[in-house]
Amino acid sequence: MQEFSALIGDIYDTVLDGSLWPDVLEKAGRFAGGPGAALWSKDAVSETGDAAHFCGFDPGYVQAFFDEYIKLDPSSAHYFLAGVGEPVAHTSHIPHSEFLETRFYREWSRPQGFVDCVQVTLDKSPTSLAMFGVSRHRRDGVADDETSRRMRLLAPHLRRAVLVGKAIDFKSVEVATFAETFDGLRAAMFLVDAEGRIMHANVAGRALLADSGVLRAAGGQLVSGVRRIDERLRDIFLAAAAGDVAIGAQGVALPLVARDGERHVAHVLPLTSGLRAGASHAAAAAVFVRKAALDGPAPLETMAKAYKLTPTELRVLLAIVEVGGAADVADALGVAASTVKTHLGRVFEKTGAARQADLVKLVAGFSSPLVH
Amino acid sequence: MVSFSDLIGDIYDTTLDRSLWPDVLKKITLFVEGASSAVFWKDAADRRGGVYFHDDAMEPRYRDTYFEKYIKIDPTTTARFVAPSEEPTATVDLLPYDEFMRTRFYREWAQPQGLIDFIGVTLEKATTSAAMLGVFRHERQGMVDEEMRRRMRLLAPHVRRAVLISKVIDFRQNEAAMLAQTLDGLRVATFLVDAGGRLIHANAAGHLLLGDSDVLHIVAGRMASSDRQIDESLRQIFLDAAEGDAAVGARGIALPLATSAGERYVAHLLPLTSGARRRTGLSFAATAAMFVHKATLDAASPHQAIAEAYKLTLAELRVLFAIVEVGGAPEVAEVLGIAASTVKTHLARVFEKTGATRQADLVKLVAGFSSPLLD
């Protein structure tokens, strides 16, 4: 009982560490009396399949099984017909002598020294089967009642471990995907708890902490170094954690200055308490920090496409936004002011803007929120 | 063996469904031949504690009075806390039984219930507190014996592991929820899509966009545009992003969009290449994040933060925003109901304080402060 209990414990260890599967399969195989063990799935319609994990097999034979021999497996139909958790051995439905005559045995099992194998269905859907199988070597002998008993004991645990493992993996992937989405943003993003401790930072956030002097991580806490600002941040984080509606669902904006004098602005979003029931490690607020300037690459291509601007018109538009008025632009581009005015006129017409300030708004509007 | 195997299976079922605990504890109580069991926590320093799960076999008032009162005088509390983690410990392991029988705790709390012994095993330990699994023995069952210890020893690692797995699941769920909620706080509509353009996740702004405007809509679960050319471009971009196409690059692609009323939007696409996703090949298969926003400066800019940053007076602030939103000095004068000369004065101060030299600079300034948050 102790040995079985330990094996079951090992099986469930895979839930938190999928890399343990090959080891666990080896132990499970030994328990069921065979050196080859595999967790695999089969598409019932196309008779194709895939091994999630295996041990004790030469990878070449595993490949050959799924390429060809899966269709010649004499027990195929029985896997589908047997109930979930019911072991099926080759020799449980055909006499051993007959099995020895099959191509499957002669071309796939025998060269590996296998004389039998037991499979058990872990899960069944209308079109596919999740299987656990153990192949028995010549010296182990064919599968018997004890083998079936042991397979029946293992099956529910293998099934459950795979299921729970997948549930965790699914959530991990979700987290990774969301995190990666934030990593794509130009704005720095931090998740902080009630005490201002940083629980998560996106790529831009980590960069900001590293060199800007706008914000730092002091003892794990997000600080600006300016007392007035830090006091406000502390108040906001505490209020957010308390679910204080006074600070507003919209959040708060704080001006910050970098070491090089560059202005930044921090926007703080309280994360509502609805989430936090029972969670000891939850973020109280999200803090977004960006340069208080129209930065990032000019959205050239997009605006040209949107308004069907010619390359020259595009150049003039951007120069107006970045350099100055028509006179300055003419100077910068080395063309006559009248030329600039003509192109500008076309730009106004095409974009529907009425004045230069509107063009700036347009460029701001088309700007990408992404990092580049 | 089968019933033991089933019991272990039931224990691990609790990782996906906490409501199964009371039933599982009933089975544990039976398996070890006890009278009642519970998963609970105790802080040995503060002498506080509580029950996480129980099998409903104890009268509620005794359960309550234990944690309200008797935990403080339970002679086993501290001793149990310092006992070696893995071993199940019974009363006699902690103090002589006749001494135990003389305690108020035994006389006032245990004896009236007919309870004569208790075996507990630590599931998790922190600096001063611990979570435990414990089972009581009633006098008709006799004291905790070697067989009961053996069975507890068999069960303990599984209960411990199940508790750990539950915590990890909780932690992940929490993480996912926090990030999802943060996405919901963004002004920019964010859509996570797969190679076929199927919508995997949309943030709040995304749902609003789909509901309020016809710039994009969902057809058979997939993001689509009613403009055929744009729809084609979308399909191609989604495929490219999934391939991790070099043409898309880490920079992403920008696509101008429009509503039927001619309102302009821009979509920016970010290919997602999360290693985790590739490894598990699971159904949360978002291969790209698409950010969609109006191609105008409509984001709220925080008045107070700007005033603070540049030390603007209220009047100067008003003029600044009017210039950005309305037009030149004459129009601003009209809208604000003040003389054009007053506007010019304030404007001059604004230029001075902000370092801007022309109106376009003021627009850039306000744009720079605009909030990424949804209002």
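No experiment lies behind these values; they were computed from the predicted model shown. Per chain, residue numbering runs from 1 following the sequence as it is written. Chain labels run from A onward and ligand labels from 1 onward, assigned in the order the entries are written. Note on the predicted model: pLDDT of at least 70 is required for a residue's local features to be given, and 80 or more for side-chain atom pairs to be given and counted; whole-chain, interface and lining totals, by contrast, use all residues. With hydrogens and water set aside, each side-chain value is computed from the structure's full complement of heavy atoms.

This part takes up helix 14 (residues 356–366) of chain A. Partly exposed residues are those whose accessible area sits between 20% and 50% of the maximum for their type, while under 20% is buried and over 50% is exposed, using a 1.4 Å probe and protein chains only. For helices the rule is a DSSP run of H or I covering at least 4 residues; for strands it is a run of E covering at least 2, with both sets numbered from the N terminus onward. Burial analysis of helix 14 of chain A places 9 of its 11 residues in the buried class, which makes it a mostly covered element. Residues of helix 14 of chain A that are buried: Ala357, Leu359, Val360, Lys361, Leu362, Val363, Ala364, Gly365 and Phe366 of chain A.

The subject of this paragraph is helix 1 (residues 2–13) of chain A. Since the α-helix advances by 3.6 residues per turn, residues separated by three or four positions end up pointing in the same direction. Helices are assigned an expected span. That span is 1.5 Å times one less than the residue count. The end-to-end C-alpha separation of helix 1 of chain A is 16 Å, in line with the 16 Å expected for 12 residues at 1.5 Å each. Residues Phe4, Ser5, Leu7, Ile8, Gly9, Ile11 and Tyr12 of chain A constitute the buried set of helix 1 of chain A. At its buried positions, helix 1 of chain A is contacted by helix 2 (21–32) and helix 7 (145–183) of chain A together with helix 1 (2–13) and helix 7 (146–184) of chain B. Note on contacts: a residue pair is in contact if any heavy atoms of the two residues lie within 4.5 Å.

Residues and elements named next belong to chain A. Here an axis means a line fitted to C-alpha atoms, over the contact stretch when the element is a helix, while the angle between two N-to-C directions is reported on a 0 to 180 degree scale. Between helix 11 (residues 311–322) and helix 13 (residues 337–351), the shortest axis-to-axis distance is 9 Å and the interhelical angle comes to 95°. By the criterion of interaxial angle, the relationship of helix 11 to helix 13 is roughly perpendicular. Note on element contacts: helix 13 touches helix 11 through Val340, His343, Leu344, Arg346, Val347 and Lys350, opposite Thr312, Glu313, Val316, Leu317 and Ile320. The cut-offs work like this: below 35 degrees is roughly parallel, past 145 is roughly antiparallel, 65 to 115 is roughly perpendicular, and the gaps in between are oblique.

On to the confidence of the model for chain B, then. Here pLDDT means the predictor's own confidence in every residue, given as a number from 0 to 100. Across chain B, the average pLDDT comes to 88, with 93% of residues at or above 70. For this predicted complex, the interface confidence comes out at an ipTM of 0.82, alongside a pTM of 0.82.

Think of interface size as the accessible area that goes away when the parts come together; that is how it is often given. If you look at the interface, chain B gives 89 residues, while chain A gives 88 residues. Summed over both partners, the interface of chain B with chain A buries about 7500 Å², with 71% contributed by carbon and sulfur atoms. Salt bridge, as used here, is a side-chain nitrogen of Lys or Arg placed within 4 Å of a carboxyl oxygen of Asp or Glu. Seen at the junction of chain B and chain A, the total is 4 salt bridges. The residue Asp13 of chain A makes a salt bridge to Arg161 of chain B at a minimum N-O spacing of 2.7 Å. Under this definition, polar contacts are N or O atom pairs within 3.5 Å; protein pairs additionally need one hydrogen-donor-capable and one acceptor-capable atom, and for neighbouring residues in sequence, both atoms have to be side-chain atoms. Taken together, the connections running from chain B to chain A amount to 25 residue pairs in polar contact (both at pLDDT 80 or more). Top contributing element to the side of chain B that touches chain A by residue count: helix 7 of chain B, with 21 residues. Residue classes in the side of chain B that touches chain A are distributed as 50 nonpolar, 24 polar and 15 charged. In this description, buried area is defined as the sum, over both parts, of the accessible area (probe of 1.4 Å) that is lost when the two are combined. Here the nonpolar group is Ala, Val, Leu, Ile, Met, Phe, Trp, Tyr, Cys and Pro; Asp, Glu, Lys and Arg are the charged ones; every other residue, Gly included, is treated as polar.

Domain boundaries in chain A define domain 1 (2–172), domain 2 (185–291) and domain 3 (300–366). Domain 1 of chain A and domain 3 of chain A are separated by 69 Å when their C-alpha centres are compared. Domain delimitation follows an automatic or database domain assignment.

Time to look at the packing of aromatic side chains. Working definition: an aromatic ring pair is given by the centre-to-centre distance plus the angle between the planes. Ring geometry is summarised as follows: Phe, Tyr and Trp rings, the Trp one being its six-membered ring, pair when their centres sit within 6.5 Å, and such pairs are stacked at plane angles under 30 degrees, edge-to-face over 60 and tilted between the two. Using the criterion set out here, one finds 28 aromatic pairs over all chains in the structure. Aromatic side chains Tyr310 of chain B and Phe369 of chain B sit 6.2 Å apart centroid to centroid with 65° between the ring planes, which places their arrangement in the edge-to-face category. Here Phe369 of chain B lies in helix 15 (residues 359–369) and Tyr310 of chain B lies in helix 11 (residues 303–310), a separation of 59 residues in the sequence. Comparing Tyr310 of chain B with Phe369 of chain B shows no difference in burial state: the two are buried. Feature note: the residues Phe40, Tyr62, Tyr66, Phe67, Tyr97, Phe100, Phe105, Tyr106, Trp109, Phe118 and Phe136 of chain B constitute an aromatic cluster, connected by ring pairs. Between the NZ or CZ atom of Lys124 of chain A and the centre of the ring of Phe80 of chain A, over which it lies, the distance is 5.5 Å. We count a charge as sitting over a ring when the NZ of a lysine or the CZ of an arginine lies within 6 Å of the ring centre and within 35 degrees of the ring normal. Sitting over the ring of Phe31 of chain B, Arg151 of chain B keeps its end group 4.6 Å from the ring centre.

Both site types are read off a 1 Å grid over the protein atoms alone. A 1.4 Å probe that fits but cannot get out defines a cavity, while an open set with protein on both sides within 12 Å along at least five of seven lines defines a pocket; lining residues have an atom within 4 Å of a point. Grid points are joined across faces, edges and corners, and a volume is the space filled by probe spheres set on the points. Using the criterion set out here, one finds 5 cavities of 30 Å³ or more in the structure. Estimates place the volume of the largest cavity at around 360 Å³. Along its surface, the largest cavity is lined by 28 residues, and Met58, Tyr66, Trp109, Phe118 and Phe136 of chain B are the ones closest to its centre. Of all the elements in the fold, those that place two or more residues in the lining of the largest cavity are strand 1 (36–43), strand 2 (48–54), helix 3 (60–68), helix 6 (104–110), strand 4 (115–125) and strand 5 (129–138) of chain B. Its residues assigned to classes, the lining of the largest cavity shows 15 nonpolar, 6 polar and 7 charged. Each pocket or cavity is described by its volume, and for the second largest cavity that value is around 190 Å³. Within the residue set of the lining of the second largest cavity, elements represented by two or more residues are strand 1 (36–43), strand 2 (48–55), helix 3 (59–67), helix 6 (103–109), strand 4 (114–124) and strand 5 (128–137) of chain A. The residue inventory of the lining of the second largest cavity, partitioned by class, reads 13 nonpolar, 5 polar and 1 charged.

Once that is clear, we can look at the sheet that holds strand 6 (residues 189–193) of chain B. Hydrogen bonding along the main chain pairs the strands of a sheet, whether they run parallel or antiparallel. For two strands to count as paired, DSSP must find a minimum of two bridges between them. Taken together, the 5 strands give an open sheet; going across it, the order is 7-6-12-11-10 (chain B), and neighbouring strands pair in antiparallel fashion. Strands at the two margins of the open sheet, each flanked by one partner only, are strand 7 (199–202) and strand 10 (253–258) of chain B. Between one strand and the next, the sheet's axes are offset by a mean angle of 25°, whatever the strand orientation. By the bridge criterion, 6 bridges tie strand 10 of chain B to strand 11 (residues 264–271) of chain B in an arrangement that is antiparallel. Across the sheet, Pro256 of chain B pairs through a bridge with Val266 of chain B, a residue of strand 11 of chain B. On the sheet, helix 10 (residues 300–307) of chain A packs against strand 10 and strand 11 of chain B and is oriented at approximately 25° with respect to strand 10 of chain B. This element, helix 9 (residues 228–243) of chain B, spans strand 6, strand 10, strand 11 and strand 12 (288–294) of chain B of the sheet and lies at about 155° to strand 10 of chain B.

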